[in-house]
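# Geometric and topological summary
The residues making up each chain are set out below.
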Amino acid sequence: ELKVEQNPLFLSMQEGKNYTIYCNYSTTSDRLYWYRQDPGKSLESLFVLLSNGAVKQEGRLMASLDTKARLSTLHITAAVHDLSATYFCAVTTQGGSEKLVFGKGTKLTVNP
Amino acid sequence: NAGVTQTPKFRVLKTGQSMTLLCAQDMNHEYMYWYRQDPGMGLRLIHYSVGEGTTAKGEVPDGYNVSRLKKQNFLLGLESAAPSQTSVYFCASSYAGYRNQPQHFGDGTRLSIL
């Protein structure tokens, strides 16, 4: 059974600082997604990571994937208040139905 | 382009009542999904469909039924609502076979069972 663990679950940081969110998963998968959710809102896709060593960047966020270690990271550079949200990683199960297993999410608060 | 539309957005039910949540997508996606989101639990898959006329169970299917009579619609039913089904329900859809495409989510339905 595929399990996805994120840490930390809560992260409070100051503007301008750097930090990393970790996503570990328990069995082989060929795809990993990062989503953002603002309070009371839907999920917004940030990154799709398809292969070992994949790295994607958008603004102050950079995501990477190590399939051998079953680990993805979401790195935040010089955080700003607008990045405050909950971030989820999700991993596809095998079998072709594109089912996702989500981590519990990391609630990020960026303080001025 | 509306994307994924969920109806209703909010609902309060009494224990034992029934209701149907509607999900409609206009992106011609083959796959559709229903999730529930509870505090501290992330999203958990209830049921999913890989095409018109097909449905399958996800991680937490008990107490729910689904139907996909048309490709663009995916219905989630609660036959006899229970307080444990109080949650935020999200519908999502995606293409089949496009590995670089994410699932697209609706805005959610906030359901309270009293």
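From a predicted model like this one, the values you see are computed outputs, not experimental measurements.

## Considering the overall build of chain A
The helix and strand tally for chain A stands at zero helices and 11 strands. For chain A, the C-alpha radius of gyration of 14 Å lies close to 13 Å, the compact-globule estimate for 112 residues. Its C-alpha atoms give chain A principal-axis dimensions of roughly 45 × 30 × 20 Å. Among the 112 residues that make up chain A, the fraction classed as buried is 46%.

## With respect to the sheet that holds strand 7 (residues 61-66) of chain A
Residues and elements named next belong to chain A. Pairing within the open sheet is antiparallel, and its five strands lie in the order 1-3-8-7-6. Each edge of the open sheet carries a strand with a single partner, namely strand 1 (4-7) and strand 6 (55-58). Recorded for the sheet is a direction-independent mean angle of 15° between the axes of neighbouring strands. Examined bridge by bridge, strand 6 and strand 7 share four bridges and lie antiparallel to one another. Note that in strand 7 the partner of Lys56 across the bridge is Ala63.

Definitions and limits used
Residues numbered from 1 in each chain as written. Chains lettered and ligands numbered in written order. Predicted model: local features only at pLDDT ≥ 70, side-chain atom pairs only at ≥ 80, totals over all residues. Heavy atoms only, no water. Helix = DSSP H or I, 4+ residues; strand = E, 2+ residues; numbered from the N terminus. Rg over C-alpha atoms; globule rule 2.2 N^0.38 Å. Buried < 20%, exposed > 50% of the residue type's maximum accessible area, 1.4 Å probe, protein only. Pairing = 2+ DSSP bridges. Axes fitted to C-alpha atoms, helices over the stretch in contact; angles between N-to-C directions.

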